[in-house]
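As a plain string of letters, each chain reads:
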Amino acid sequence: MLDLKFVRENIGTVEEALRKRRSDLSLEGFRGLDEKRRTMLTAVETLRAERNAASEEIGRLRREKQDAAGLMERMKAVSAAIKEAETGLPDIEARMDALLLNIPNIPDASVPDGAGEEDNPVIRTWGTPREFDFPVRDHVDIGESLDILDFERATKIAGGRFCLLKGAGARIERALINFMLDVHTGEHGYTEMLPPFMANSASFLGTGQLPKFEDDLFKVEGTDYYLIPTAEVPVTNIVRDEILDEGVLPLKMTAYTPCFRKEAGSYGRDVRGMIRQHQFNKVELVAISKPESAFEELEKLTSHAEEILKRLGLPYRVVTLCTGDMGFSSAKTYDIEVWLPSQGRYREISSCSCFSDFQARRAKIRFRDGTTGKTRLAYTLNGSGLAVGRTSVAILENYQQPDGSVTVPEALRPYMGGIDRIVRR
RNA sequence: GGAGAGGUGGCCGAGCCGGCUGAAGGCAACCGCCUGCUAAGCGGUUGUACGGGUAAAACUGUACCGAGGGUUCGAAUCCCUCCCUCUCCGCCA
């Protein structure tokens, strides 16, 4: 959420940001609504001030055993006038809130302008895609022939966009989760969290998934709970409604969770395999930072995610999302894309964002400035470190062998009970 | 699921037979004093949001004592509904 005062005073800037984002949201009604609200508020507050003053007077008279009946009688009219003046105000405020909650964050000045994916500049590339001297198979073929991935039975159990991992397939996911968490906690300074996999609507509002993106979420019927689409939701909300000591910043947390997404609107995209699932595993990195160092933190956080790919020997590149491709709440986002031989291209495996104070304002995440003693909104960041399912896919495909087996990346072997190759058993 | 207790400021905690309570007291933080340094001690300051006001302050209005509604001239205090937490019992990984 943007600051109301900021929108009022910089409506041009906000409209420019909407244009850059290729958003069709209009601020047409904002000015009128805002003025109407302020006019009404002033009227109501003036009457209330009158009532408060009279009430105080009544209290004083009664204490002094004087008659206050006349004043009380007159105040009945004022009270009625207040009720009158208040009608319509809740509606105006609700409309203001709705408008404000649906305005996306303003892209950071360093974000390149562009319409979509094709305009995202590549800022660095690591590793060289391997040359294959045999026909490359995709992870579905590899996984099914090794009997470690089973899509048919997953469909029987649940439905489309689910996957059953078996044997070494399940083991790889577990190994990756442990590997990633160990690196981030042991070497990158994050504290491990294991949060609830459902969260209430207030939390989803806090990180910006609600009210705009309810259609992408699984809601638990008859409750106020939604299944989390990312650990960002429960982990960032750990500090919701809190005023933090400046000294604890940057607060760095990591968490493994499964993620649940409806993937509504992606019919026909990535239907094959485990690229796009209703449920997938992810290790998330979250940082709560001071504004001054937040974009520096974004660089670090991104490099922490990249480190996992480096150790696994998986070629990747990093792109900056352009204004038209950025998420609703983000001020700046880097996507890390891993090389998938079967597709002959890089595919997103991590998305690292700085949200400036956009989430913090919604979620009331603040800190006390040590020098001024004032409370300030913190900046929030997060990134995948990494999407585990897609990492498994990348390993299967990049490390496939002509005989159908898959070599286990060296860094992962300690987590795989020492085995160096996955073969059909 | 049954019974009981409770939700107050950064934290703890009074107030809860309605007005003098935006809220005692303590802690914490900050600023002074004191001090060789630290500690102790002494004095002072410190909520949030939205308006008005100002060059910026000062200043000022309103709202906020879990959420929403009601009674009343007036509600942290009374009434209703809901949410949450804790304790005991039951059930259970």
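Residues numbered from 1 in each chain as written. Chains lettered and ligands numbered in written order. Predicted model: local features only at pLDDT ≥ 70, side-chain atom pairs only at ≥ 80, totals over all residues. Heavy atoms only, no water.

1. What about the packing of aromatic side chains?
Using the criterion set out here, one finds seven aromatic pairs in the structure. On the numbers, 5.8 Å between centres and 65 degrees between planes, the contact of Phe179 with Tyr415 is edge-to-face. Here the residue Phe179 occupies a position in helix H8 (residues 168–186), and Tyr415 occupies one in the loop between strand S16 (406–407) and strand S17 (421–422), the gap between them amounting to 236 residues. For the pair Phe213 and Phe328, a centre-to-centre distance of 5.6 Å together with 75 degrees between the ring planes defines the contact as edge-to-face. Note that Phe213 is positioned in the loop between helix H9 (201–207) and strand S6 (225–227) and Phe328 in the loop between strand S10 (316–320) and strand S11 (332–340), a separation of 115 residues in sequence. Phe213 sits in the partly exposed class, given a relative accessible area of 29%. (Phe/Tyr/Trp six-rings, centres within 6.5 Å; stacked < 30°, edge-to-face > 60°. Helix = DSSP H or I, 4+ residues; strand = E, 2+ residues; numbered from the N terminus. Buried < 20%, exposed > 50% of the residue type's maximum accessible area, 1.4 Å probe, protein only.)

2. Observations regarding the domain arrangement of chain A
Under the domain assignment, chain A is made up of domain 1 (4–100) and domain 2 (117–422). Once you take the C-alpha centre of each, domain 1 and domain 2 turn out to be 44 Å apart. (Domains from an automatic or database assignment.)

3. Focus on the protein's contact with RNA strand B
Within the structure, RNA strand B sits among 25 residues, and Arg8, Arg37, Ile58, Lys76 and Ser79 are positioned closest to it. Take the atoms of RNA strand B that sit within 4 Å of the protein: sugar and phosphate atoms are 66% of them. Measuring from a sugar or linking oxygen of RNA strand B, one finds a backbone N or O atom of Met72 at 3.3 Å. Breaking the surface near RNA strand B down by element, the ones donating at least two residues are helix H1 (4–9), helix H3 (30–63), helix H4 (69–86) and strand S13 (365–368). The element best represented in the surface near RNA strand B is H3, accounting for 14 residues. Residue composition of the surface near RNA strand B, grouped by class: seven nonpolar, six polar and twelve charged. (Near = heavy atom within 4 Å. Polar contact = N/O pair within 3.5 Å; in protein donor to acceptor, adjacent residues only side chain to side chain. Nonpolar A, V, L, I, M, F, W, Y, C, P; charged D, E, K, R; others polar.)

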